[in-house]
Amino acid sequence: MIDINELRADPDTYRASQTARGADAGLVDRILEADSRRRSAITDFESLRAEQNAFGKKVAKAQGEEKQQLLAQVKQLAADVKTAQAAADDAQTVQQQLVAQFPNLIVDGIPAGGEDDFVLLRTEGTPRDFAAEGFEPRDHLELGELLDGIDMERGAKVSGSRFYFLKRDVARLETALLMAAQDLALDNGFIPMTTPNLVRPAIMNGTGFDVEHDDEIYRVAKDELYLVGTSEVALAGYHADEILDLSDGPLRYAGWSSCYRREAGSAGKDTRGIIRVHQFNKLEMFVYCHPEDAAAEHERLLAWEEQMLQACGLSYRVIDTAAGDLGTSAARKFDCEAWIPTQGKYRELTSTSNCTTYQARRLNIRERLPETTDANGKVRKGGTRAVATLNGTLATTRWLVALLETHQQADGSVTVPEILRPYLRGQEVLRPVV
């Protein structure tokens, strides 16, 4: 969540963040009003409690009728203290509810607006010219069916629309992709993790997903658990209520998991193939670091994503996502969109988000600050503060769409990028199954 002390000190920055997101800037004033009521209620409570304590000493010294009068006043004062405490608690609850609704403060300078207001940072690679090569490219589903590697019909029979089976070489290609991504992460200091697919509501909420109102989330009502849409959720919850030691640098995790999304509101969109589905696999990077190091770490995550895309021989572009398309927890997000030949446009394959201290505050994840020595030589304990968290996708099932279409040949075969061949026992080409 946001830092209420920073909002109180600089409300205009938070109003500007809300305006850039296209969100309710008036929420800032409602939080400030609630904060004022909370502090006033606490002052009233503490004043009455001090008066109550003072009366206790008077009662102890009083005798006879005076003591009886004081006891009657003490009784009324105790009732007033109880009422004041309840008012302070209520004001605290209202403030916390309002603060919990507030999305992360955006990084200064990112584009304002919605989904279409991104800023293009760069384009890498040149899309293949299939016309110059003399054949019309097939889309990923047609290729997958030629390879007997994607079965949408039986996926729908077993589980409903937007489900699928991967088979044969396409199933192996997906595993090869995720393993190559895991090795890239391992080479760069990430700890490989296999994460739970079900999490408690406190963890889902703490990560920034609203379990009460997010239509994308699958809920297992009987057990009050939620299926994750990304291993980011489980990895964010991994250190909940802990104090971390970041003296040796960032803690980096690479989570391998299945992911589940309801795709609410996407009726009629990307219904063909596996671009927009309810279940997929993903290798997700997740980082805990010092807040002042978060921006540089964000650039590193993006660089690793680009390294993976280039190794897979994909043409792509990098965009700086607009504030209104960030989601609740991100302060800045970069997307990498790969060229999809049969669609003639770029589609998102990866994203990486800098969530600053937003998730850590919600999940109570802190780091211990070093001790300091003042001018008089007195050593002072450093205390604790919230850490920064970041995430980024290094590979996911959707990559198969770009891989199959980009590396297809006229006969329906698909050339395997070199980085993936070791995970396919040296296989260089996926061939149609007769």
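Every value quoted in this text rests on a predicted model; they were computed, and no experiment measured them. For every chain, the first residue of the written sequence is number 1, and numbering continues from 1 onward in sequence order. In keeping with the predicted nature of the model, local features appear solely for residues at pLDDT of at least 70, side-chain atom pairs appear and are counted solely at 80 or more, and the whole-chain, interface and lining totals rest on all residues. Side-chain figures throughout are based on the complete set of non-hydrogen atoms in the structure, without hydrogens or water.

Explain the overall build of the protein chain here, please?
Counting secondary structure elements, the protein chain contains 13 helices and 20 strands. Atoms counted for the radius of gyration: C-alpha only. Globule rule: 2.2 Å times the number of residues to the power 0.38. Over its C-alpha trace the protein chain gives a radius of gyration of 28 Å, far above what one expects of a compact globule, namely 22 Å for 434 residues. Expressed along its principal axes, the backbone C-alpha trace of the protein chain runs to roughly 110 × 55 × 35 Å. Three labels apply to residues, based on accessible area from a 1.4 Å probe with only protein chains included: buried if under 20% of the type maximum, exposed if over 50%, partly exposed otherwise in between. For the protein chain, buried positions account for 45% of its 434 residues. A sequence separation of at least 24 residues applies to 72% of the contacts in the protein chain between residues at least 6 apart. Residues counted as positive are Lys and Arg, residues counted as negative are Asp and Glu, and His and the chain ends are not counted. Lysine's charge is taken at NZ, arginine's at CZ, aspartate's at CG and glutamate's at CD. If the 51 positive side-chain charges of the protein chain are averaged to one point and the 67 negative ones to another, these points end up 5 Å apart. Numbering of helices and strands starts at the N terminus; helices are DSSP runs of H or I of at least 4 residues and strands are runs of E of at least 2. Note on contacts: a residue pair is in contact if any heavy atoms of the two residues lie within 4.5 Å.

In this structure, what is going on with the sheet that holds strand 5 (residues 198-199)? I would like to understand it.
Working definition: the strands of a sheet are paired by backbone hydrogen bonds and lie parallel or antiparallel to each other. Strands are treated as partners if at least two bridges between them are detected by DSSP. Pairing is antiparallel across the open sheet formed by three strands, whose spatial order is 5-7-6. Every other strand in the sheet has two partners, leaving strand 5 and strand 6 (218-220) as the edge strands with one partner each. In this structure, strand 5 lies alongside strand 7 (residues 225-227), joined through two bridges in antiparallel fashion. For V199, the partnering residue across the bridge sits in strand 7 and is Y226.

Help me understand the UniProt feature "binding site: ATP" (unreviewed entry) in the protein chain in this model?
UniProt positions are given in the numbering used here, feature names are shortened, and annotations may be inferred rather than shown by experiment. Sites flagged by UniProt as "binding site: ATP" (unreviewed entry) map to R261, R262, E263, V277, H278, Q279, F280, E348, L349, T350 and S351. With respect to the element layout, R261 can be found in the loop between strand 9 (251-260) and strand 10 (279-289). Leaving out residues up to four positions away in the same chain, R261 has contacts with E216, Y218, G229, T230, V277, H278, F280 and K282. Pairing of N or O atoms within 3.5 Å defines a polar contact, subject to two protein rules: one partner must be a possible hydrogen donor and the other a possible acceptor, and residues neighboring in sequence count only if both atoms are side-chain atoms. A distance of 2.9 Å separates a polar atom in the side chain of R261 from the backbone oxygen of G229. If you trace the backbone, Q279 turns up in strand 10. Q279 sits in the partly exposed class, given a relative accessible area of 29%.

Looking at this structure, how should I read the side chain of K282?
Residue placement: K282 occurs in strand 10. A polar atom in the side chain of K282 sits 3.3 Å from the side chain of E284. Those residues in contact with K282 that lie beyond four places of it in its chain are L178, G229, T230, G255, W256, S257, C259, R261, T393, A395 and T396.

For this particular structure, what's the right way to read the sheet that holds strand 8 (residues 243-244)?
On the basis of which strands lie adjacent, the open sheet formed by three strands has the order 8-14-17 and mixed pairing. Strand pairing shows two members of the sheet lacking a second neighbour, strand 8 and strand 17 (384-386), which therefore form its edges. Summarising the sheet, strand 8 and strand 14 (residues 366-368) pair through two bridges and their orientation is parallel. By the bridge assignment, I243 is partnered in strand 14 with R366.

Is there a simple way to think about unusual backbone geometry in this case?
Excluding glycine, a negative phi dihedral is what most residues carry, and trans is how most peptide bonds are arranged. Of note in the backbone geometry, D148 takes a positive phi value of approximately 50° without being a glycine. Relative to the assigned elements, D148 resides in the loop between helix 6 (140-146) and strand 2 (150-151). Relative accessible area serves as the criterion here: at 23%, D148 is assigned to the partly exposed category. A positive phi is found at D270, a non-glycine position, where the angle reads about 50°. You can see D270 is positioned in the loop between strand 9 and strand 10.

Help me out: how do you make sense of the packing of helix 8 (residues 168-187) against helix 13 (residues 399-406) in this one?
Describing two packed helices takes the angle between their axes plus the distance from one axis to the other. Where helix 8 meets helix 13, the axes come as close as 11 Å, and the angle between the chain directions of the two elements is 115°. Judged on the interaxial angle alone, helix 13 and helix 8 are roughly perpendicular. Pair helix 8 / helix 13 crosses with right-handed handedness. The residues of helix 13 that touch helix 8, namely those facing V170, L173, E174 and L177, are W399, L400, L403 and L404. Lines are fitted to the C-alpha atoms to define the axes, a helix being fitted only along its stretch in contact, and any angle between axes, read from their N-to-C directions, falls within 0 to 180 degrees. Orientation categories follow fixed angle ranges, with anything under 35 degrees roughly parallel, anything over 145 roughly antiparallel, 65 to 115 roughly perpendicular, and all other angles oblique. Here is the rule for handedness: rotate from the far helix to the near one, and if that takes an anticlockwise turn smaller than a right angle the crossing is left-handed, while a clockwise turn gives right-handed.

Mind showing me how you'd approach the nonpolar core here?
General note: in soluble globular proteins, nonpolar side chains tend to be found buried as a group. If you look at the biggest cluster of nonpolar residues, it comprises 57 residues, and the most contacted ones within it are M308, L394 and W399. Counting residues per element, this core draws most heavily on helix 8, at nine residues. If we skip the residues at most four places from it in the chain, L394 touches A181, L184, A185, L283, M285, W304, E305, M308 and W399. Residues enter a nonpolar core if they are buried and are Ala, Val, Leu, Ile, Met, Phe, Trp, Tyr or Cys, with the set joined through side-chain atoms within 4.5 Å. Counting residues in each nonpolar core, the second largest holds 23 residues, with M204, L235, A240 and I365 among its members.

Can you help me understand the packing of helix 8 against helix 11 (residues 294-311) in this one?
Helix 11 packs onto helix 8 with a crossing angle of 140° between their chain directions and a minimal axis gap of 11 Å. Taken as axis vectors, helix 8 and helix 11 run oblique relative to one another. For the pair helix 8 and helix 11, the sense of crossing is right-handed. Contact with helix 8, carried on its side by L177, A180, A181 and L184, involves W304, Q307 and M308 of helix 11 and no other residues of that element. Under this grouping Gly is polar, as are all residues other than the nonpolar Ala, Val, Leu, Ile, Met, Phe, Trp, Tyr, Cys and Pro and the charged Asp, Glu, Lys and Arg. Class assignment of the residues belonging to the contact of helix 8 with helix 11 gives a composition of six nonpolar, one polar and no charged.

What's the story with helix 8 in this structure? I'm lost.
Owing to its 3.6 residues per turn, the α-helix brings residues three or four apart onto one side. To estimate the expected span of a helix, count its residues, drop one, and scale the result by 1.5 Å. The first and last C-alpha atoms of helix 8 sit 29 Å apart over 20 residues, in line with the 28 Å expected at 1.5 Å per residue. Within helix 8, burial applies to D169, V170, L173, E174, A176, L177, L178, A180, A181, L184 and A185. Backbone geometry just downstream of helix 8 places G189 in the positive-phi region, at approximately 85°.

Quick question: what am I supposed to make of a negative patch on the surface here?
In this analysis, a patch consists of residues with relative accessible area above 30% that form no salt bridge, clustered at 9 Å for like charges and at 5 Å for the nonpolar side chains Val, Leu, Ile, Met, Phe, Trp and Tyr. Accessible areas in this description were obtained via Shrake-Rupley with a 1.4 Å probe; residue shielding takes into account the shown protein chains only. Any Lys or Arg side-chain nitrogen located within 4 Å of an Asp or Glu carboxyl oxygen qualifies as a salt bridge. A cluster of acidic side chains, namely E115, D116, D117, D325 and E348, defines a negative patch on the protein surface. Following the sequence through the fold, E115 ends up in the loop between helix 4 (64-101) and strand 1 (119-124). Residue E115 is classed as exposed on the basis of its relative accessible area of 59%.

Got a minute to help me understand the environment of D12 in this structure?
The residue D12 is located in helix 2 (residues 11-21) in this model. D12 gets classed as exposed once you look at its relative accessible area, which sits at 53%.

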